[in-house]
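Topology and contacts: notes
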Amino acid sequence: MEVKKIFLPESELPRQWYNILADMPTPMEPPLHPGTGKPVGPEDLAPIFPMNLIEQEVSPQRFIDIPEDILKVYTIWRPTPMYRAYNLEKYLKTPAKIYFKNEGVSPAGSHKPNTAVAQAYFNKVAGTKKITTETGAGQWGSALSMACAFFGLECKVYMVKISFNQKPYRRLMMETWGANCVASPSTETKAGRSILAQNPDSPGSLGIAISEAVEAAVSGENTKYSLGSVLNHVMLHQTVNGLECQKQMAIAGDYPDVIIGCAGGGSNFAGCSFPFARDKINGKDIDIIAVEPASCPTMTRGPFAYDFGDTVQMTPLIPMHTLGHSFVPAPIHAGGLRYHGMAPTVSQLILDGVIRAEAIPQLETFQAGITFARTEGFISAPETNHAVAMVIREAAKAREEGKEKVILLNWSGHGLVDMAAYEAYLRGKLSDHALPEEEISRALNDIANLPKPKQYRAAKI
Ligand SMILES: Cc1ncc(COP(=O)(O)O)c(C=O)c1O
């Protein structure tokens with residue numbers, strides 16, 4: 001019988017994370033203090049993050065040990081299984097071999113607990129009592145709520161309003177794990193109130209929710225802020241996944257020609273692909289593709305520029321692909337991909353030609369999700385469907401070229417709490433959102449006078 005699943009025993013759980021900063025082909029440009037325009041130092045970040053995570057953020061060390069207490073929690077769901085998608089291959093009549101790594105088996109349903117548990121642990125060790133955060137679709141907020149429950153920390157989540165209303169069960173998951181979750185923009189913070197004063201019907205965005213969570217952290221006692229993506233230490237924690245993938249591909253006797261992951265802030269994509277990106281930097285030939293929504297085309301249409309991570313301009317300036325901090329994406333169901341920026345490491349690797357980006361419209365992603373569910377069974381999160389759609393495109397290309405490529409899909413999460421989105425699709429109520437050039441130009445006007453990175457690239461609009 002064909003082998004469907006490749007399991008790793010717990011003894012094979014990676015004991016270290018991989019830090020791509022040690023192998024970047026071009027040195028990263030530093031985050032800047034928005035007031036002085038100077039590179040930010042650890043002390044600038046200290047009101048927001050604990051020092052042990054700030055040290056990881058800037059560490060040049062290639063491998064960083066995973067503490068025993070984190071490994072113990074990881075074993076609840078890790079190592080995660082890798083599958084061969086035989087049924088999908090057959091359906092697509094492709095000579096490609098498709099593997100998918102199932103990060104949806106975590107209790108929260110996605111890859112997000114890989115860093116949530118690490119961040120909660122390091123905060124606990126540093127004496128933090130309460131963590132604030134933002135969440136889009138609720139995957140990150142629920143992951144952090146669970147992690148805070150494990151380490152006895154209070155958790156406050158600002159959830160983007162459109163998702164707060166679309167996905168009530170994620171909110172209830174957060175409450176079940178003991179967190180307090182409010183719709184953002186909220187009236188609880190200055191940032192939220194200022195957005196509501198401009199637009200009382202604002203659907204919210206990740207940029208706005210980040211502003212609220214950062215404000216609540218800096219004004220709260222023993223309170224720190226936690227970000228579910230974008231930052232170097234988040235990418236680092238997620239590499240436990242890619243390191244497992246390398247072992248599983250070796251057991252399968254294959255090596256990926258193509259690696260595909262969806263990208264909101266970049267963390268699940270980075271987690272799966274960075275250990276392989278290291279191989280590529282060292283000479284391997286791999287096509288590594290980050291997939292984003294056509295309605296939020298940060299990597300494919302945004303410039304590489306300095307920008308704020310949040311809407312109300314509280315964070316340092318980060319060198320990244322961005323659509324501008326005031327950009328509010330269309331209310332697509334992939335809430336976790338509605339972010340104006342992209343991880344600096346992912347952005348830099350695009351500039352260096354190590355990875356590339358593609359944008360896919362909403363309807364094609366749901367069509368792909370339905371195909372995946374009807375062949376492989378699993379119902380993907382709307383975010384994950386972007387990667388599934390790209391896999392289907394690549395499998396069709398392999399068929400046309402007659403090539404037996406090996407494709408690795410990072411299946412970042414299940415969609416069992418996202419069925420309202422599937423209902424909208426199945427009832428014909430979903431549409432694609434064209435993004436007019438003027439909209440991008442308008443949002444980019446807001447960053448025109450910010451400092452420019454040395455490697456500045458103009459927007460493709
Ligand atoms: C299932 C799933 N995949 C992907 C993402 C995108 O986030 P990131 O790019 O940080 O992995 C999210 C974000 O919420 C998500 O919930």
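For clarity, every value in this text was computed on a predicted model and none was experimentally measured.

Our focus in this paragraph is the pairing of strand β12 (residues 304–308). It is a general feature of regular strands that their side chains alternate between the two faces of the sheet. Burial within β12 is extensive, with 5 of its 5 residues counted as buried. Burial along β12 is two-sided: the face carrying Phe304, Tyr306 and Phe308 and the face carrying Ala305 and Asp307 are both buried. Relative to strand β13 (residues 317–321), β12 runs antiparallel, the two being bridged by 5 bridges. Among the inter-strand pairings, Tyr306 is bridged to a residue of β13, identified as Pro319.

Take the nonpolar core next. Core analysis: the largest hydrophobic core is formed by 36 residues, its most contacted members being Trp17, Ile70, Tyr74 and Val117. Breaking this core down by element, the ones donating at least two residues are α3 (68–74), α5 (113–126), α6 (139–151), β7 (154–160), β8 (180–184) and α11 (232–252). With 32 residues, the next largest nonpolar core counts Ile6, Tyr99, Ala270 and Val406 among its residues.

Right, let's get into the site of the ligand. Neighbouring the ligand are 18 residues; Ser229, Gly264, Gly266, Asn268 and Ser412 lie closest to it. Take Ser412: an N or O atom from its side chain is 2.7 Å from a nitrogen atom of the ligand. Out of a free accessible area of 390 Å², the ligand has 98% covered by protein chains. Contributing elements (two or more residues each) for the shell around the ligand: α12 (267–281) and α16 (382–401). A class-by-class count of the residues in the shell around the ligand yields 4 nonpolar, 12 polar and 2 charged.

Below, the discussion takes up α16. Between its terminal C-alpha atoms α16 stretches 29 Å, which fits the 28 Å expected from 20 residues at 1.5 Å a residue. Where burial is concerned, most of α16 is hidden: 14 out of the 20 residues are buried. Positive backbone phi, at 65 degrees, marks Gly402, one or two positions downstream of α16.

The peptide bond linking Arg78 to Pro79 adopts the cis configuration, its omega dihedral lying at -10 degrees. Relative to the helices and strands, Pro79 resides in the loop between α3 and β4 (82–84). Of note, the bond from Ser184 into Pro185 is cis; its omega dihedral lies within 30 degrees of zero at 5 degrees. Examined against the element boundaries, Pro185 turns out to sit in the loop between β8 and α9 (190–198). For Asn222, which is not glycine, the phi torsion reads 50 degrees and is therefore positive. On the secondary structure map, Asn222 appears in the loop between α10 (206–219) and β9 (223–225). At Val230, a residue that is not glycine, the phi angle is positive and equals roughly 70 degrees. Along the chain, the position of Val230 falls in the loop between β9 and α11.

With that settled, consider α10. With 14 residues, α10 extends 20 Å from end C-alpha to end C-alpha; this agrees with the ideal 20 Å at 1.5 Å per step. Summarising burial for α10: 12 of the 14 residues are buried, a large majority. Within α10, burial applies to Leu206, Gly207, Ile208, Ala209, Ile210, Ser211, Glu212, Ala213, Val214, Glu215, Ala216 and Ala217. Among the structural elements, β6 (130–135), β7, β8, α9 and β9 are those in contact with the buried residues of α10.

How each quantity is defined
- Position numbers for residues count from 1 along each chain, tracking the sequence in the order it is written.
- Where totals are concerned, whole chains, interfaces and linings use all residues; where local detail is concerned, this predicted model gives features only for residues with pLDDT of at least 70, and gives and counts side-chain atom pairs only at 80 or more.
- Heavy atoms throughout the structure, all of them, feed into the side-chain values; hydrogens and water do not.
- Exposure classes here rest on a 1.4 Å probe applied to the protein chains alone. A residue is buried below 20% of its type maximum, exposed above 50%, and partly exposed in between.
- Strands here mean DSSP runs of E at least two residues long; helices mean DSSP runs of H or I at least four residues long; both are numbered from the N terminus.
- Two strands are said to pair when DSSP picks up at least two bridges between them.
- What makes a nonpolar core is a set of buried Ala, Val, Leu, Ile, Met, Phe, Trp, Tyr and Cys residues whose side-chain atoms join them at distances within 4.5 Å.
- When we say a residue is near a molecule or strand, we mean one of its heavy atoms is within 4 Å of it.
- Think of a polar contact as two N or O atoms within 3.5 Å of one another; within protein, one of them needs to be a possible hydrogen donor and the other a possible acceptor, and neighboring residues in sequence only count if both atoms come from side chains.
- To measure how exposed things are, a 1.4 Å probe is used in the Shrake-Rupley method; for residues, cover is taken only from the protein chains shown.
- Polar here means any residue other than Ala, Val, Leu, Ile, Met, Phe, Trp, Tyr, Cys and Pro, which are nonpolar, and Asp, Glu, Lys and Arg, which are charged; Gly is therefore polar.
- Here the expected span of a helix is defined as 1.5 Å times the quantity of residues minus one.
- Note on definitions: a residue-residue contact is assigned when non-hydrogen atoms from the two residues lie within 4.5 Å.

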